[in-house]
Amino acid sequence: MFDLGDRVFHHDESVHASFTLKLLETEQYRYDPAYHGPFLFHSTAVVFHSLGINDTTARLIPVFFGVAATLLLFLLKKELGERGVLWSAFLLSFSPSMVYFSRFFRNDPIIVFCTLATVIGGIRYLENLHSPKRYPYLILAATSLAIAVSSKENAYLIIFMFGAYAGIYSLYRFYSYWKKEKLSLKRTLVLKISSIFPFVPEVLISGTLFIFIVMLFYTSLFRTPETLFSIVERAFSHWMEMHRIERIGGPFYFYIPILLVYESPILIFGTAGIVHFLKKKGENTSFFMFLSYWAVTSLLLYSYLQEKVPWLVVHIVLPVGILAGAYLGDFFSGTPSRRQKNLLETENMNSGTENMNFETDKKPAFGTKRSRAHTFVVGILALTLIISLIQCISVNFYRSMEPDELMTYSQASSDIQQVMKKIEVFNQGPETLRISVVDPDNLYWPLPWYLRIMKKNSILYKTSS
């Protein structure tokens, strides 16, 4: 929250803030997929009403969800381990892109939080499938997914991505069970359907909760007529058209330079984590297979879509950052060396004293090899962390409005702050101040947001092309 209002509003931020102000003043809202879902507008309207209207309060909702997403990671302690959770939280807390866009009045920090909450809710629901403890996690997953759909249209990508994995994994489990039990296909289907049937009522209730939350926001608290079909149809038709015409197109590798420049520790150790956990066999293998699928699929999907903007990188950074933290936690835990030691001790007991002497001679070589690997990894980690932390501080507090930063797409200039100070001085005179904004390219945002006070004070303000 430090200097949260210092950065001039981005084009999109000013549009969102103006729409929120209109909602607060007129209580009117109509869904337009070009400006994403209603949750950000309604939640920020509450903040404006409670804490005042300015650049800082406008960014409080993204700040809240950005911080909350980091705290959510601690619910994955069982899968990631104590050190893995701490490393993941550290990497994402100081990730330049996560920090930058959690201080940015857009929907993406909300989507990041809801995606992670949906994953956690789903994992814990399945883990407690035969216990009453499962109900809160089902509610968490349904509510989080509903808020995501009410926030931004890439929630449909997340549903598609997770749904595809769930379908493939279910088919794999079904096939494995069929082969193992050697039953007929019909009998296997009957058994599997009968095992799922007791959970159908609670799934339907959670689906009803999901629809209720979605419609609550899209109808602006049931004041605007909307249907679920019209919401989904408009979202898909608009953004498929934007993809087709390549409104903000870019090369397939668009996000790779951003990851290399700002997120080198997450990119390097996240990639190492994918290789490491796919090779390693353990009790959490299924979780890390899913995490690897999530990371790779996110990168491929957002690289394919022709709507290339820097803030979408956070949806790639999230799973890769968790993988990086899990890998570093596993690497620094020392578990492999202990496992190796136990293995050697077992071999010694079975092979006698002569084998023990041979093992003693080999230990220094193994220790030296591991020590070199450990030193190499620590060196790479230290170097990339220093670079990433410098980038985090630089892009958030010193170069947040520089046009040559990869993170600052279409960012308004700090000159606007100087212009507003001069206007305030001119406005102190007895004459009526008249302002004309001449903008032949229709790029006048964020001026409507910064000149909003002048409209309230009945000072003449108009735009012309």
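In what follows, the accompanying structure is described.

**Some remarks on the packing of helix H14 (residues 264-279) against helix H16 (residues 314-332)**
Where H14 contacts H16, the two axes come as close as 7 Å, and the packing angle between them is 70 degrees. In terms of their interaxial angle, H14 and H16 are classed as roughly perpendicular. Crossing of H14 against H16: the hand is left-handed. Note on element contacts: H16 touches H14 through Val317, Val320, Gly321, Leu323, Ala324, Ala326, Tyr327, Leu328 and Asp330, opposite Pro265, Ile266, Leu267, Phe269, Gly270, Ala272, Gly273, Ile274, His276 and Phe277. Of the residues in the contact of H14 with H16, the class split is 14 nonpolar, four polar and one charged.

**Focus: helix H8 (residues 134-149)**
Quick reminder: α-helices carry 3.6 residues per turn. Residues three or four places apart thus point the same way. Between the first and last C-alpha of H8 there are 23 Å, a value that for 16 residues agrees with the 22 Å anticipated at 1.5 Å per step. Along H8, the residues that are buried comprise Arg134, Leu138, Ala141, Ala142, Ser144, Ala146, Ile147, Ala148 and Val149. Those residues of H8 hidden inside the fold are in contact with helix H2 (39-51), helix H7 (108-127), helix H9 (155-181) and helix H11 (200-218).

**Regarding helix H1 (residues 11-26)**
Taking 1.5 Å as the rise per residue, H1 with 16 residues should run 22 Å; its terminal C-alpha atoms sit 23 Å apart, in good agreement. What H1 keeps buried is the set Asp12, Glu13, Ser14, Val15, His16, Ala17, Ser18, Thr20, Leu21 and Leu23. Immediately downstream of H1, the backbone of Glu27 shows phi near 60 degrees, a positive value.

**What about unusual backbone geometry?**
In this structure, the amide linkage connecting Trp445 to the following residue, Pro446, adopts the cis form with an omega of 15 degrees. Tracing the backbone through its elements, the reader meets Pro446 in the loop between strand E1 (435-438) and helix H20 (447-450). Phi is positive for His36, which is not a glycine, with a value near 70 degrees. Residue classification places His36 among the buried positions, given a relative accessible area of 7%. Phi is positive for Glu246, close to 55 degrees, though the residue is something other than glycine. Tracing the sequence through the fold places Glu246 in the loop between helix H12 (228-245) and helix H13 (255-262).

What counts, and at which threshold
Residues numbered from 1 in each chain as written. Predicted model: local features only at pLDDT ≥ 70, side-chain atom pairs only at ≥ 80, totals over all residues. Heavy atoms only, no water. Axes fitted to C-alpha atoms, helices over the stretch in contact; angles between N-to-C directions. Helix = DSSP H or I, 4+ residues; strand = E, 2+ residues; numbered from the N terminus. Parallel < 35°, antiparallel > 145°, perpendicular 65-115°, else oblique. Left-handed = near helix turned anticlockwise from the far one by under 90°. Contact = heavy atoms within 4.5 Å. Nonpolar A, V, L, I, M, F, W, Y, C, P; charged D, E, K, R; others polar. Expected span 1.5 Å × (residues − 1). Buried < 20%, exposed > 50% of the residue type's maximum accessible area, 1.4 Å probe, protein only.

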